[in-house]
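This is what each chain is made of:
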Amino acid sequence: MGRLLIVVAALIAAIVICGRCQSDTQTSAPAPTRTPRPAATAAPTSTPRPAATAAPAASFTVDRDVVNVRSGPGTSFGVLGSVQRGQIFRPTGRTPAGDWLTFDFNGQQGWIYAPLLLVTRADLIPVAANIPAPPPTPAPAAAPTQTPVPSNEDERLIGSCTSLKEQGLVPEGGWPRDHVNYTLARDRDRDGWACE
């Protein structure tokens, strides 16, 4: 145990001597001190501004399975194509009555009947500046003319009622107007029955 005491005493002496060496060095030159840094602050930010909202715009959604798109506002105009239920478009104009809308249809000015659509913000759709004039109305077909009463020559060629009756080809009462053997030449009294 004596040796242990000597070792402990030697260690204590060494620590004391080393402590004096360090305190001598520290007194001769001041040790640098750490300067505290200010806490990091976030860069100043501006007050967030609300995102710019787009100006309201009119649109329409097709509300039928298939709707024709025409070259003008009316059924007398030709069909350019068709659109399907659920498709959405932006109108560029309307008729003064608002019953037809115009829009860009595959690069062409297309017209579509408004009652077949769901229109949003119709109040924003301007009256179209270039509404096509309706196509000319076709002239009415000429009234059919009465077929002239056949001459004896005509009756000979188509067969007289008398000879047809003798052959048993005419039913009792004659042929009605919708029968294949009815001809105006055989309907002498013009009542709709031939060879009666």
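Residues numbered from 1 in each chain as written. Predicted model: local features only at pLDDT ≥ 70, side-chain atom pairs only at ≥ 80, totals over all residues. Heavy atoms only, no water.

Chemist: Would you mind going over the overall build of the protein with me for this structure?
Modeler: Tallying secondary structure elements over the protein gives three helices and 10 strands in all. Ordering the α and β elements of the protein from the N terminus gives α-β-β-β-β-β-β-β-β-α-α-β-β. Taking all 196 residues of the protein together, the buried fraction comes to 22%. Looking at the protein alone, contacts between residues at least 24 apart form 50% of all its contacts between residues at least 6 apart. Element-wise, carbon and sulfur atoms account for 59% of the exposed surface of the protein, whose accessible area totals about 14800 Å². (Helix = DSSP H or I, 4+ residues; strand = E, 2+ residues; numbered from the N terminus. Buried < 20%, exposed > 50% of the residue type's maximum accessible area, 1.4 Å probe, protein only. Contact = heavy atoms within 4.5 Å. Areas by Shrake-Rupley, 256 points an atom, 1.4 Å probe, with all protein chains shown as cover.)

Chemist: Which parts of the structure should I look at to understand the pattern of salt bridges?
Modeler: Opposite charge on two side chains permits them to pair, given that their charged atoms come into close proximity. Within this structure, the stated rule accounts for four salt bridges. The residue D63 makes a salt bridge to R64 at a minimum N-O spacing of 3.5 Å. The exposure class of D63 is partly exposed, given its relative accessible area of 26%. With a shortest N-O distance of 3.0 Å, R85 and D65 are connected by a salt bridge. Here D65 lies in the loop between β1 (59-62) and β2 (66-70) and R85 lies in the loop between β3 (79-84) and β4 (88-89), a separation of 20 residues in the sequence. Looking at D65, the relative accessible area reads 54%, which means it is exposed. Shared partners join several salt bridges into a network, and the residues in it are D63, R64, D65 and R85. (Salt bridge = Lys/Arg side-chain N within 4 Å of Asp/Glu carboxyl O.)

Chemist: For this particular structure, what's the right way to read the sheet that holds β4?
Modeler: The pairing of strands in a sheet happens through backbone hydrogen bonds and is either parallel or antiparallel. Strand order in the open sheet made by the three strands is β4-β1-β8, with antiparallel pairing throughout. Only two strands of the sheet have a single neighbouring strand rather than two, namely β4 and β8 (117-120). In this sheet, β8 lies alongside β1 in antiparallel orientation, the contact comprising four bridges. Considered in β8, the bridge of S59 is made with T120. (Pairing = 2+ DSSP bridges.)

Chemist: So what exactly am I meant to see when it comes to the environment of V127 here?
Modeler: Residue position: V127 is located in the loop between β8 and α2 (152-158). On a C-alpha basis, the gap between V127 and L101 in space is 9.0 Å, while along the polypeptide they are 26 residues apart. Sequence-distant contacts of V127, defined by excluding residues within four places in its chain, comprise R94 and P96.

Chemist: Explanation requested: unusual backbone geometry in the structure shown.
Modeler: With the exception of glycine, the majority of residues adopt a negative phi angle, and the majority of peptide bonds are in the trans configuration. Even without a glycine there, the phi angle at N106 is positive, about 50°. Structurally, N106 is set in the loop between β6 (100-105) and β7 (108-113). For R121, which is not glycine, the phi torsion reads 55° and is therefore positive. Within the element layout of this structure, R121 appears in the loop between β8 and α2.

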